[in-house]
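# Secondary and tertiary structure notes
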Amino acid sequence: MIDLRSDTVTRPTPEMRAAMAAAEVGDDVYGEDPTVNLLEKRAAEIFGREAALFVPTGTMGNQIAIRLLTQPGQEVIAESRAHILDFEMATTAVFSGCLIRAVPAEGGILTWKQIEAAIVPTGPFRAQTGLIEIENTANLAGGRCTPVDVLDEIVAGAKDRRLPLHLDGARIFNAAVALGVDVKTLTRGFDTVMFCLSKGLGAPVGSILAGSAERMVRARTLRKCLGGGMRQAGVLAAAGLIALEDGPKRLAEDHASARLLAEALDAIEGVAIDRKSVETNIVIFRLKAGKGAPELVARLKARGVLASAFGPDAIRLVTHRDVSREQCIDAAEALDEEIGRLA
């Protein structure tokens, strides 16, 4: 199968499997797993933070950060297609007692002007804004990147309004490669940053939350609240270390494969796609007929290609380490033929 559903489907490399088998471990709930400690230290160094915390999932990392930075009854400003809104099971409401204020933005890229207009100050009639959340890259906007200058303006504005900032950087290394900047620069000024080891970087499990040492002490307690104390987690952290060091080096290959798919789709009658919007490893296209996405996904599966339907007419393809350029060419041919049959 050519699996283009997500970059979470990658399998551990032989190097990862060997490292996992040989990992030195301890009880991480006691802070005694040396491999986890090394991963957290290295992540903090790369992102220019005081400390970091290994968590099982990106969702857990995001939700711990929201709980750290808000008070119950506040609003969290986020883009209207944000992962914390669409794919995190209303945990912001359940765990933090906060409401997400969804702000639509072209290409999924929020600007300070849009954010400032949505800020609610303290008052007797409406829940006040407690946090600003940015997602970079923007998943449902097709993996678009928020540039450094836009981020810097948001950081300055938030500081002026005394509002904390959380970055959902699940695919922040993809953004860094596409923009040609390092992740430390790309995340400066954010109070907390989450990134996934298990997406484009290729680890089998895990994400990292980074921030100040004081916040990460409390984050460790909140991780336990959510059932994230994993004991001898060095077995997983060993693969995470390899993903962190080696994974970013090959992300440009995934971006090139995504552009290949976008170019092929752009030539297919009945497809609507903005090729310029394909900046990283995500391709989202629509069927001009306004329907047929689930049927097309089923047809592709029968051809050995896995894709994801989003609604009646939208389909997402995600490139990653386990799909070669040649396989993407084969997938493009299958797309051309099956979309033609839908018509």
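Residues numbered from 1 in each chain as written. Predicted model: local features only at pLDDT ≥ 70, side-chain atom pairs only at ≥ 80, totals over all residues. Heavy atoms only, no water.

### Observations regarding the nonpolar core
In a soluble, globular protein the nonpolar side chains are often hidden away together inside. Note the cut-off: Residues belong to one nonpolar core when they are buried, are Ala, Val, Leu, Ile, Met, Phe, Trp, Tyr or Cys, and are joined through side-chain atoms within 4.5 Å. Accessibility here uses a 1.4 Å probe with only protein chains present; expressed as a share of the type maximum, an area under 20% marks a residue as buried, one over 50% as exposed, and anything in between as partly exposed. By definition in these notes, contact holds between two residues if any of their heavy atoms fall within 4.5 Å.
Grouped together as the largest cluster of nonpolar side chains are 52 residues, with contacts concentrated most on Ile 115, Ile 134, Ile 172, Phe 173, Phe 195 and Leu 197. Not counting chain neighbours up to four residues away, the residues in contact with Phe 195 comprise Ala 43, Phe 47, Gly 169, Ala 170, Ile 172, Phe 173, Leu 201, Ser 207, Ile 208 and Leu 244. One finds Leu 261, Ile 268, Ala 293 and Ala 331 within the second-largest nonpolar core, a separate group that totals 29 residues.

### Details of the state of the cysteines
This is how it is decided: Here, two cysteine sulfur atoms that lie within 2.5 Å of each other are counted as a disulfide.
With the rule as written, the count across this model stands at zero disulfides. Cys 196 supplies the cysteine sulfur nearest to Cys 145, a cysteine that is in no disulfide, at a spacing of 15 Å. According to the relative accessible area criterion, Cys 145 is buried, its value standing at 5%. Classification of Cys 196 by relative accessible area gives buried; the value is 4%.

### A short note on the packing of aromatic side chains
Note the threshold: Aromatic rings from Phe, Tyr and Trp, taking only the six-membered ring of Trp, are treated as a pair when their centres fall within 6.5 Å; an angle between ring planes under 30 degrees marks them as stacked, one over 60 as edge-to-face, and anything in between as tilted. Each helix is a run of H or I in the DSSP string that is no shorter than four residues. Each strand is a run of E no shorter than two, and both are numbered from the N terminus. Placement of a positive charge over a ring is assigned whenever Lys NZ or Arg CZ falls within 6 Å of the ring centre and within 35 degrees of the normal to the ring plane.
Per the counting criterion, the structure on display carries four aromatic pairs. Residues Phe 47 and Phe 173 carry aromatic rings whose centres are separated by 5.6 Å and whose planes lie at 90° to one another, so their mutual orientation is edge-to-face. Note that Phe 47 is positioned in helix α2 (residues 34-47) and Phe 173 in helix α8 (residues 172-179), a separation of 126 residues in sequence. Both residues of the pair, Phe 47 and Phe 173, belong to the buried class. When the centroid spacing of 5.5 Å and the interplanar angle of 75° are considered together, the rings of Phe 173 and Phe 195 count as edge-to-face. Of this pair, Phe 173 sits in helix α8 while Phe 195 sits in strand β7 (residues 192-196), and the two are 22 residues apart along the sequence. With relative accessibility at 8%, the residue Phe 173 sits in the buried group. With a relative accessible area of 0%, Phe 195 lands in the buried category. Every member of this aromatic cluster is reached through a ring pair, and the members are Phe 47, Phe 173 and Phe 195. Cation over ring: Arg 67 sits above Phe 95, and NZ or CZ is 4.6 Å from the ring centre.

### Brief notes about the sheet that holds strand β13 (residues 314-318)
What counts here: By the convention used here, strands pair only if DSSP detects at least 2 bridges between them. Note on geometry: axes are C-alpha line fits, over the in-contact stretch for helices, and angles between N-to-C directions span 0 to 180 degrees.
Sheet architecture is open: four strands sit in the order β9-β10-β13-β12, paired in antiparallel fashion. Either end of the sheet is taken by a strand with one partner, and the two such strands are β9 (271-272) and β12 (308-310). With five bridges connecting them, strand β10 (residues 282-287) and β13 associate as antiparallel partners. Bridged to Ile 282 within β13 is Val 318. Docked against the sheet, helix α12 (residues 251-266) engages β9, β10 and β13, running at close to 15° with respect to β10. Running over the sheet, helix α14 (residues 325-342) touches β9, β10 and β13 and is turned about 20° from β10.

### Side note on empty space enclosed by the protein
Note the threshold: Cavities and pockets are defined on a 1 Å grid built over the protein atoms alone: a cavity is a set of grid points where a 1.4 Å probe fits but cannot escape, while a pocket is an open set with protein on both sides within 12 Å along at least five of seven lines, and lining residues are those with an atom within 4 Å of any such point. Grid points are joined across faces, edges and corners, and a volume is the space filled by probe spheres set on the points.
All chains considered together, the criterion is met by two cavities of 30 Å³ or more. Residue lining of the largest cavity: 14 residues in total, with Glu 79, Gly 108, Ile 134, Glu 135 and Ala 138 positioned closest to the centre. Top contributing element to the lining of the largest cavity by residue count: strand β5 (residues 129-135), with three residues. Lining the second largest cavity we find Gly 169, Ala 170, Arg 171, Ile 172, Phe 173, Asn 174, Phe 195, Cys 196, Lys 199, Gly 200, Leu 201 and Leu 251. Within the residue set of the lining of the second largest cavity, elements represented by two or more residues are α8 and β7. By residue number, the principal contributor to the lining of the second largest cavity is α8, which donates three residues.

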